[in-house]
Structures are given as C-alpha cells and as structure tokens.
Amino acid sequence: MLQLKGIVKEYGGRRLLASVDLHIRPSDRIGLCGENGAGKTTLLRMFAGDVSPDDGTLQMARATTVGYLPQEGLTHGGRSLFTEVRSAVGDLLALEDELKLLEDRISRQHGTADLERYAVVREQFEQQGGYQLEAEIGKVLSGLGFSEQEWEKPCEQFSGGWQMRIALAKLLLQQPTLLLLDEPTNHLDLPARDWLEGYLASYPHAVVLVSHDRFFLDQVVGRIVEVWNGHLTEYPGNYSRYLQQREERVAALREAKRRQDEEIERIEAFISRFRYQANKASLVQSRVKQLEKIERITVPPVRKKIGFRFPQPPKGGRIAIELFSACQCYGENTVLHEIDLIVERGVRIALVGPNGAGKSTLMRMLSGTEAPASGERRAGHGLELAYFAQDQAQVLDPRLTVLEQISQEAPFDMVPRLRDILGAFLFSGDDTEKRVEVLSGGERNRLALAILLLRPANLLLLDEPTNHLDLASKQVLLEALRGYSGTLVFVSHDRYFVDHLATRVVEVGDGQVHSWPGNYSDFLHAKELRGDSSHSELRVEQKGLAGGEEKTTKEDRRTAHANRKAAQRIAERRAREILDMESRIEKVEGDVAAWEEDMARADFYADADHAEKVIERHRADKEALAQLYDKWEALQLDAAAAE
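The rules we used
- Residues numbered from 1 in each chain as written.
- Predicted model: local features only at pLDDT ≥ 70, side-chain atom pairs only at ≥ 80, totals over all residues.
- Heavy atoms only, no water.
- Salt bridge = Lys/Arg side-chain N within 4 Å of Asp/Glu carboxyl O.
- Axes fitted to C-alpha atoms, helices over the stretch in contact; angles between N-to-C directions.
- Helix = DSSP H or I, 4+ residues; strand = E, 2+ residues; numbered from the N terminus.
- Parallel < 35°, antiparallel > 145°, perpendicular 65-115°, else oblique.
- Left-handed = near helix turned anticlockwise from the far one by under 90°.
- Contact = heavy atoms within 4.5 Å.
- Nonpolar A, V, L, I, M, F, W, Y, C, P; charged D, E, K, R; others polar.
- Buried < 20%, exposed > 50% of the residue type's maximum accessible area, 1.4 Å probe, protein only.
- Pairing = 2+ DSSP bridges.
- Phe/Tyr/Trp six-rings, centres within 6.5 Å; stacked < 30°, edge-to-face > 60°.
- Lys NZ or Arg CZ within 6 Å of the ring centre and 35° of its normal.

Chemist: Even after reading the chapter, I still don't get the pattern of salt bridges, so can you show me in this structure?
Modeler: A pair can form between side chains of opposite charge whenever their charged atoms are brought close. Inspection of the entire model under this criterion finds 32 salt bridges. R25 is the partner of D28 in a salt bridge, and the nearest nitrogen-oxygen pair spans 3.5 Å. For D431, the salt bridge identified is with K434, shortest N-O distance 3.8 Å. Connected through shared salt-bridge partners, R25, D28, R223 and E234 make up one network.

Following this line, the structure appears as structure tokens:
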C-alpha cells in the first residue's frame, strides 16, 4: 500500500533520515518509537504528503486514502459538534443529497432514468453505511467522551483538547485506508483511551501511530519501527516485545562490534608492522583494501534516563488526610457533593474518571490549595505534603535559568546537591543555564518533578505527572514511585502507569467518589462482574503480541485476577503488620522518653530503689525498642522485595 525506498531527509544540516526503506501493508498496525527529535513526526507527515523527501521515492497504491491527526493545532468552529463531525463523510452526504433530489423528482414525475439512477445511488449509499451514519456518529462521539447533550454545542466552545477529539472523531468516521495518528492519547482520559484501543483493534485498514502510552501500544500495534540515528529498525510484536528484542539485538551488536574491533586492530597492527617491507607490499595492500571494505558496526548509545529516588518520608500518623462531607462548586455548577474520603498511610490511590468529572478539583481540595465550599478537610498527624499540579510546569518563572529556578525553591541545606539532582533529571552542563522559556514541555515537567524532591514528604499528590514524558522517563518515574514508602494519590491517563502503581482506585463521577481495592485492571474486572461498563468499553484484553496471539480465555482472566487478589491480600497483610509494628514502636518510644525525663530530674537519685527500677525499665525498653526496629526493618525489606 505504501513503500519507502532510499528516503533521505535533512533539516538544518542534520540528516534525519538516511536512505531508509519501509513497506506498509494494508492491514498493518505500526508503532513508531524513538527519542524525541528522532524523526517520528517527520515520517508521519511524509506519509500524509505534508513533507517531501530530499531524495528517494515514496510509492503509494492508487486507491489509498490518508487521514492524519497531528499532535495539536486543529480547531473547528461555525457549526455544531454533530454537524461538524458529520461533515467528515462528504461523499456519503453527497449521495444522500442526490437521493433526496431524486426522490423529489420521482414524486413529481416517474421517469425511467431517475428510477434507475435512484436504485444505483441507494445501493451505493447503503453499501457505504449511509443508513447507519447517525448511529455510527453517536457511537464515536460517545466513545471519545462527548455527552449527547453536547452534540448541538458550537464547536468553538470546546477547549484545545476537545478540539483534537473532534478531529479524531472525523478521521475515524472517514475510515481512511492509511490512518496516521501522532500522540492520539494526549488529550484522552482513561475511558476514552480504552474505547479507542478497542476501536483501533478492529479497524479494517492500516494504522501507523506515535504514542508515549505503553499500554496503548501493547494493545494496538503488531509491529514496532524504531527511528534512531537516521535509520529504521523493525521489530515484530508490540512494545513490550520490542523492548525485549531491542535489548537482545543491542547486546548482539555490542558483541559483534567487539569482535570487529579486535579484527580491525589485528589488521591495522599487521599494516603498521610490514608497511615498509618491500617483500610484504602486496600483503599490506591486501589488508588495506580489506580494511576499507569493512562496514563498521554502529551500536546505539545507552539511552539517557531519569534516575532518582524520592527522599525518605518523615513519619506520620495512620491517617494521612481525610475529607468529610466535602462539597465544591463553581457558581451553580456543583462538581463534588458531600465527599467522604479517608487516605490511609502507605496506600497508592489512583483517581480515575472522565475529563471534567472533578479529579483535579479533588486533588486541589486534598492539597489545601482550594478549600471546600462546605464540609471539612482534616490533615493527619505529622502530615508533610507535596503537591504536583496538572499545570505545575506552567508556574515556573520563564525568565529564570534551570539552575536559578531550582535554587529559588531549595532549602539552604540542599543547595550543594542541586546540580546532582538536576543531573539525575538529564539537566547537565550547559543545560542548567537554559532559560525556562526555551524548555520543551517534557523538560519543564522534569524540572518541576526535580523541585518536588527538594523537601521530604509523607504524602505525594501528583496530578498528571507523566504529561510530556517519553516512555523511558515514565518507566523510571514509575520505578521511583514504587520504591517510595510514603502515601501517594495520583491522576494519570496512562493505563500501564496506573496498573503498575495503584493499590486502590477511587472513581470520580457525577459529583461522587467510589473506592475500589486493587489496580485499574481489578477495577474494570469488578465493574464487569457487576454488569457495569459505564467507565469504558470492557473487552477481552490481548496477551503477548498484539494481533499475533489468541485472546485470553475467561479462565485465564479468572486465574490472573485470583493471582492479583492473592498478591494484594499478602501486601495488605504486610502493610497491617508494618502499621502494627510502628504503633508498638511509637508506644515503646514514648515509654523510653518518659523514663529519660524521669532520669533527668535533679532529685532522681534521692530514692535509690526507685532510681534502680527506672534504670532497669529504661534498659529493658531500649533493648525491646532495638528488637522492634529490627523487625520493622525486616518487614520493610520484605515489602520492597515483593514490589
């Protein structure tokens, strides 16, 4: 359907694509992967015809139709939502208009030619799904999160993220034979992402997409094309399989390069040794030609990644934070109504729900940056809170450099470590002198996360921390949060991130919150058992290679669910043991402090018998405390190993 042969593309003297070849077949599901700036978007724009190659040929089958969704920049106005989306199928609407015209003419005069033409047009209209058009529009709009009440709303009243959803809806209705999607999940919440995964899984034509959502890639694509150093490398399977294959391939390349370097060194040593001996001249020339013919192996560099650990959180109470009958409204719009929520120490809560349901509002109420209109917010004992807002990167001062920005936020004792922290977030050398205003979205988010590390906190509130982060950076953030021993409440529209981090899911919708144990998969499974598919289009998940292996059976899913539940029960029991141990430690620490306060009195030794008893009790409690600390540490190590 589409073939690249020897494609070359340069920008500003930099060779982005160096004589690359690629063949896209009619049923392909391809994910383009690579570091930011590698050329993924350029490839998509080239497929769409927006960019021309500097050299090489791009061949496309005659009947191919192309639909391209860029990352941003599309706006719609002047029509209602439904009318705008309906306009995407212009050919079908032209047939509908012709049918109406023919029906009018036939009602006034029964011409044979009109009747014959009417039969032809009606058959075309029916074959192209004309009679199901409105139902299909409703299905797509509903799947992408538009309520039926919004169908007649003017398009210009929708924000940027919803504008991109309108563009996506139009593309899906057009059903081009080559669908090109550049970060289609950027503006979608979890229910809409779930729906789009299911839709693309059954899409009848080729799909090529770029996404930083690992779960989405795993579910949708059947082939990964990696863009690196001007070259394209293909890997069969989904993203998880690609990571495994890439590691194996790079290891093999390193070994091959080691052997090649040894061979080159041996040949060069021979040339150097016999270069000036006449009787060896032919042999030397032979080795020189051999050296020239060697195609040097290039090994991909080790990818730079964020590497960090959150500071050890200060000790807090059993309850981190609570909301009692909390309400929040803006004018006449009530977003949250009489919310009761208890956040216990050590849990990792994911807030889920469609955009606009009130997740960010709930986060602001928990953080204390926004007081509830009614009800109460109650902080737990010893609460030390850190809040990463959805627009956290936007509150940075654009006039400051990276180093100046973090220095402005840092406590005095952290100043000597600032460059180390920035280095962990990929800001090194001259990068620290960049002004905030020139940073990309991902760089701003990384800087905002670095600032979050400056003060230890026992409750982290993270609202979309993964926005603008690439897949590698998301993975390192996930690992850091899994190693964090404090309490976490977060919002993320990345399914893989939520599934591998959450121990509890709080669903936000219709002004209420409902709590579910487990991760997002457990949440969906529990709703499925209740016959509730309101949160998403529940479907059988793929295992292994997307499109390459059979779907899981009910028994497989039941077994997997049982295993997750068993692991969850063990984790909950371990968490209870840790809480119990901490309570015992707290009590004994109090006793020890009381004995020491007694021993500090000036007249303590006036009563020798009493002093002897107190000293003995103090010694015994100190020994008991040491044993309790050892047990607590062992439990913590077990919990970390289980993670």
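Past the structure itself, the notes keep going.
Chemist: I tried to follow the packing of helix α12 (residues 402-409) against helix α14 (residues 441-452) on my own but got confused; where do I start?
Modeler: The relative placement of two packed helices comes down to the angle between their axes together with the axis-to-axis distance. Here α12 crosses α14 at 30°, and the two axes come no closer than 10 Å. Relative to α14, the element α12 lies roughly parallel. Remark: the crossing between α12 and α14 carries right-handed chirality. Note on element contacts: α14 touches α12 through L447, A450 and I451, opposite V402, Q405, I406 and E409. Among the residues making up the contact of α12 with α14, the classes are represented as five nonpolar, one polar and one charged.

Chemist: Teacher, can you tell me more about the pairing of strand β3 (residues 29-33) here?
Modeler: Counting buried residues in β3 gives five out of five residues, a clear majority hidden from the surface. With burial as the criterion, each face of β3 is covered, one bearing R29, G31 and C33 and the other bearing I30 and L32. Relative to strand β7 (residues 206-210), β3 runs parallel, the two being bridged by four bridges. Note that in β7 the partner of L32 across the bridge is V210.

Chemist: Where do I start with the packing of aromatic side chains in this structure?
Modeler: Across all of its chains, the model carries twelve aromatic pairs by this definition. Between the aromatic rings of F82 and W151, the centroid separation amounts to 5.5 Å while the plane-to-plane angle is 35°, which identifies the pairing as tilted. Linking F82 in helix α2 (residues 81-86) with W151 in the loop between α5 (133-143) and α6 (160-174), this pair joins segments that are 69 residues apart in sequence. Between the aromatic rings of F270 and F274, the centroid separation amounts to 4.8 Å while the plane-to-plane angle is 55°, which identifies the pairing as tilted. Residue F270 and its partner F274 are both found in helix α9 (residues 239-274); the two are separated by four residues, about one turn of the helix. An identical accessibility class is assigned to F270 and F274; each is buried. Taken together, the ring pairs in this structure connect F146, F158 and W162 into an aromatic cluster. We note K9 situated over the ring of Y11; from NZ or CZ to the ring centre the distance is 5.2 Å. The ring of F270 carries the charged tip of R287 above its face, separated from the ring centre by 4.3 Å.

Just distances and angles here, no functional claims.
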